[in-house]
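Chain and residue survey
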Amino acid sequence: MAADMDSAPEKLHLKPEVGLIGGVSLIAGVMIGSGIFMSPQTVLVNIGSPGASLLIWASCGLLAMLASLSYAELGTVIRESGGEYIYILRTSGNLMAFVFAFTSIVVVRPTALAGLALGFAQYVVAPFYDDCPPPAVLVKCIAAVGILLLTIVNCLNVRSAMAVTVFFMAVKFLTLVVIVIGGVVVLVQGNTANFQNTFEGTELHISTIGMAFYQCLWSYDGWNNLNSVTEELKRPEPGTMKDTEHEKLKLKREVGLISAVSLVAGTMIGSGIFMSPQSVLANIGSPGASLIIWAVCGLVALFAALSYAELGTIFKESGGDFIYVLRIYGPFPAFLVAYTFMIVVRPSGISAIALSFAEYAVAPFYSGCTPPTLVVKCTAAACILVVATANILNVRFTMAIQVVFLVAKVVSLIVIVIGGIVTMAQGTLESLSSTDVAFEGTTLGISTIGMALYQGLWSYAGWYNLNIVTEELKKPEVNLPRALMIAIPMVTVLYLLVNVSYLAVMTPREMAFSSAVAVTWGNKVLGGWGWIMSVAAALSSFGSLNGSFFSGGRVCFVAAREGHMPDILAMAHVRRLTPSPALIFTTVISLIVLIPGDFQGIVNFFRYAQCLGSKGFTAWFFYGITLSGLLYLKIRRRDLPRTYTVPIIIPILVLLAAVFLVLAPIIDNPQIEYLYVTLFVLSGVLIYVPFIHYKLFPGILNKLTVFLQLFLEVAPADKNLSFDYKFELLANPRAEGVAFRNTGG
């Protein structure tokens, strides 16, 4: 056979299959081996005291971190796989490199693999030999099988090997989290004897410290794994971002109609409908009047949302109230909106929802008593971190979570409705049997009506979410009003039917004295299955938290893009296209709000206001400002292009409702806290004047921005607008204030 081959065949290359998650798993998954389950006792025996052993573990972690960062620099200079071998070869020559490779391949790595396999085998067979050691032959056979299986997986496919590593890393991480939670529970119960004299008995000898370090560093073994597979790592070098000077990143339009409905309805249906009905009833005094309050709240939310929809078709930018106030009234009022929203209102809302989720989640484990505050707050913090991670990773995944939890919440409410129908079919409807009975005891005072509206509107909070993410909404001129017209009437009807079901099952007195009306309903109707309502409330809180977090981070992102926050917060991840710095900032502030401190007094009032209705006094004040701006545009700027309009009477009615909700509690029951909140909002001027107006930034902030940009892999993001849309603010010294000029579209 004569085959002419004029050129040498092209050599194969190992494909770069290891991404960021695979890289993290390859390091953490190898480090978290049997060491953490076996080494702690040896470290403690060598060093002699609990306190010193904790210092050893921290020092070893720091040492592994510093060593891995040093190796990372080598990996970016010498971009070849092989780790120490290739670095020694390139810097010290062939002989030293061969000695290292010979030792590593023949002795070090095989003995390490055999040791790990034997450790695995011993743990596997241990349950079958409770009273005696397992046979050595059996242990070795299972260890050999484990080695062969992993060899086959690694030979077949790199992606499969990475998937196995990611899966087992997640399992190991969850195992350690369970151990941590168990320790927290034990500490909360007062078992702190081992930490009374933490450093008593410490052995400060070179040999004991060295042995303790050896044992501990064994548990950190694996920190250098990525340097051995550099050529198979996707983008091993830092800073290889696109040239964003010519083409900026844009957040993708990932939110379709179903996701939009889920974002609105899924955020609205939180823990409110499971807790607020008794408060509405207690304030207004009668079942019939409470149903009217729920209907009025739904109507107010719908009218407000439709008014915002018109604003969303005029200003096709994300940011909600912030961007509307900025375009209508100018930068200073807009900064106050963003400042209040990002520092207190949204973080306190997120922390309150997370705490609500945590209370329902841990309640089954503390059936006879109140769960410890520390456990509840740790669970709430974990919930915030999980939601933050999901939002940072992927928009589609976040929206999928929102859709799934909305379906679960709607099913839960339908269960309550069906239970009420069955009860009414059996002839039980005392509270609503006639008009006289239904409205008996109604309290028609300004304060009581206002408080009832606040409580009801809290359960409708979230109607404004789509306006915050307009640039990520597909066909916003169509889907924005359409999603609102689907979501809000659906939620309103469900809320009314659920309240009828509550009143059919419970007397007004039972509702008024119930801490969680849905749980009480579940215990009466579902009996032993009443715990389902606790699960439903927890799921509702989680879904509402996800929606609140998704929209909340965008306000921070848009404010930074407009120059009202540090530049780093206006950047998006170069591959995931999510505003990860803004989401991280929101996470940090929300976690801080969970911690009691000197600022807790003001935070408590904001949280109290939120519990009284859609972020209460502060939120409805800003809603009123935004709606007054819409009225100005409808009267003075009819020439502005818009694809959707509402009759002018609708924003007028909502504005009157906002004025009532802001002034009614102050006039009827003035409190010093309202003054505190007002002073806090106005304190934004202390930040705005030097840092926003005069742009007095310390030089170190630019260096920090560059560092964070490289570390987080983010770049500046541009506005995602479908056409050349631009509005310029023109200062007008006359009474008209601020005018607009439409320069595009």
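Provided above is the structure to which this section pertains.
So, here's what we can say about the structure. (Residues numbered from 1 in each chain as written. Predicted model: local features only at pLDDT ≥ 70, side-chain atom pairs only at ≥ 80, totals over all residues. Heavy atoms only, no water.)

Observations concerning the overall build of the protein
The helix and strand inventory of the protein stands at 30 helices and five strands. Residue burial in the protein is summarised as follows: out of 745 residues, 47% are buried. Taking contacts inside the protein between residues at least 6 apart in sequence as the whole, the part at least 24 apart equals 79%. If you sum the accessible surface of the protein, you get close to 36,700 Å²; carbon and sulfur atoms cover 68% of it. (Helix = DSSP H or I, 4+ residues; strand = E, 2+ residues; numbered from the N terminus. Buried < 20%, exposed > 50% of the residue type's maximum accessible area, 1.4 Å probe, protein only. Contact = heavy atoms within 4.5 Å. Areas by Shrake-Rupley, 256 points an atom, 1.4 Å probe, with all protein chains shown as cover.)

With respect to a nonpolar patch on the surface
The grouping of F332, V685, L686, I687, V689, F691, Y694, L696 and F697 at the surface amounts to a nonpolar patch, some 830 Å² of accessible area in total. Counting residues per element, the nonpolar patch draws most heavily on helix 29 (residues 685–693), which supplies five residues. Judged by its relative accessible area of 52%, L696 is exposed. (Patch = residues over 30% accessible without salt bridge, like charges linked within 9 Å, V, L, I, M, F, W, Y side chains within 5 Å. Salt bridge = Lys/Arg side-chain N within 4 Å of Asp/Glu carboxyl O.)

Regarding the pattern of salt bridges
In the structure shown here, the tally under the stated rule is 13 salt bridges. E310 is paired through a salt bridge with R642; the nearest N and O atoms lie 2.7 Å apart. Of this pair, E310 sits in helix 12 (residues 287–314) while R642 is found in the loop between helix 26 (616–636) and helix 27 (649–668), placing the two residues 332 residues apart along the sequence. Looking at E310, the relative accessible area reads 0%, which means it is buried. Among the ionic pairs, E317 bridges to K719, the shortest N-O distance being 2.8 Å.

Points about unusual backbone geometry
Look at K475: it is not a glycine, yet its phi comes out positive at around 45 degrees. Relative to the assigned elements, K475 resides in the loop between helix 19 (465–468) and helix 20 (476–505). A residue is classified by how much of its surface remains accessible, and K475, at 58% relative accessible area, is exposed. A positive phi is found at E713, a non-glycine position, where the angle reads about 55 degrees.

Some points on the environment of T151
Within the fold, T151 resides in helix 6 (residues 136–156). Among the residues examined, T151 registers a relative accessible area of 39% and is labelled partly exposed. For the pair T151 and A161, spaced 10 residues apart in the sequence, the C-alpha separation amounts to 9.5 Å. A polar atom in the side chain of T151 sits 2.7 Å from the backbone oxygen of I147. (Polar contact = N/O pair within 3.5 Å; in protein donor to acceptor, adjacent residues only side chain to side chain.)

Some words on helix 11 (residues 272–284)
Helix length check: helix 11 (13 residues) gives 17 Å between terminal C-alpha atoms against 18 Å at 1.5 Å per residue, within 8%. Along helix 11, the residues classified as buried are G272, I273, F274, S276, P277, Q278, V280, L281 and I284. The first or second residue beyond helix 11 is G285, which carries a positive phi of 95 degrees. (Expected span 1.5 Å × (residues − 1).)

Let's talk about the packing of aromatic side chains
In the structure shown here, the tally under the stated rule is 25 aromatic pairs. Ring geometry for Y71 and W223: centres 5.0 Å apart, planes at 80 degrees, overall edge-to-face. Within this pair, whereas Y71 is found in helix 3 (residues 50–77), its partner W223 is found in the loop between helix 8 (206–219) and helix 9 (225–228), the two being separated by 152 residues in sequence. Pairing W463 with Y464 gives two aromatic rings, centres 5.1 Å apart and planes at 80 degrees, and the pair type is edge-to-face. For Y464, a relative accessible area of 5% corresponds to the buried category. (Phe/Tyr/Trp six-rings, centres within 6.5 Å; stacked < 30°, edge-to-face > 60°.)

Some words on the packing of helix 12 against helix 20
Helix 20 packs onto helix 12 with a crossing angle of 170 degrees between their chain directions and a minimal axis gap of 10 Å. Our classification of the angle between helix 12 and helix 20 gives roughly antiparallel. Residues of the contact of helix 12 with helix 20, tallied by class, amount to 19 nonpolar, six polar and one charged. (Axes fitted to C-alpha atoms, helices over the stretch in contact; angles between N-to-C directions. Parallel < 35°, antiparallel > 145°, perpendicular 65-115°, else oblique. Nonpolar A, V, L, I, M, F, W, Y, C, P; charged D, E, K, R; others polar.)

What about the environment of A72?
By secondary structure assignment, the location of A72 is in helix 3. Separated by 155 residues in sequence, A72 and N227 place their C-alpha atoms 7.4 Å apart.

What to know about the nonpolar core
Grouped together as the largest cluster of nonpolar side chains are 159 residues, with contacts concentrated most on F274, F322, W463, L466, I488, Y502 and W620. Of the residues forming this core, the biggest block, 17 residues, is contributed by helix 14 (residues 331–362). When neighbours within four sequence positions are excluded, I488 is seen to be in contact with V264, M268, G298, A301, L302, A305 and W463. Within the second largest apolar cluster, 11 residues are counted, among which are A52, W57, A64 and C216. (Core = buried A, V, L, I, M, F, W, Y, C linked by side-chain atoms within 4.5 Å.)

A look at the sheet that holds strand 3 (residues 714–718)
Sheet strands pair via backbone hydrogen bonds, and the direction of the pair is either parallel or antiparallel. One open sheet holds the three strands; their spatial order is 1-3-2, and the pairing between them is mixed. One side of each edge strand has no neighbouring strand; the edge strands of this open sheet are strand 1 (249–250) and strand 2 (571–573). Where strand 1 lies against strand 3, two bridges are found, and the strand directions are parallel. Residue pairing across strands places L249 opposite A717, the latter belonging to strand 3. The strands touched by helix 30 (residues 700–712) are strand 2 and strand 3; relative to strand 3, the strand with the most contacts, the crossing angle is about 100 degrees. (Pairing = 2+ DSSP bridges.)

With respect to the environment of M31
Here M31 lies in helix 1 (residues 20–31). M31 sits in the buried class, given a relative accessible area of 19%. Aside from chain neighbours lying at most four places away, what touches M31 is S219, Y220, D221, G222 and W223.

Thoughts on helix 6
The terminal C-alpha atoms of helix 6, which comprises 21 residues, lie 30 Å apart, in line with the 30 Å expected from a rise of 1.5 Å per residue. Looking only at helix 6, the buried set comprises V139, A143 and G146. Take helix 6 and look down its axis: the buried residues cluster within an arc of 60 degrees, on one side only. Summarising the geometry of helix 6, the exposed residues directed more than 90 degrees from the buried face are V137, K140, L148, L149, C155 and L156. In this structure, the buried residues of helix 6 make contact with helix 5 (94–125). (Arc of directions from axis to C-beta.)

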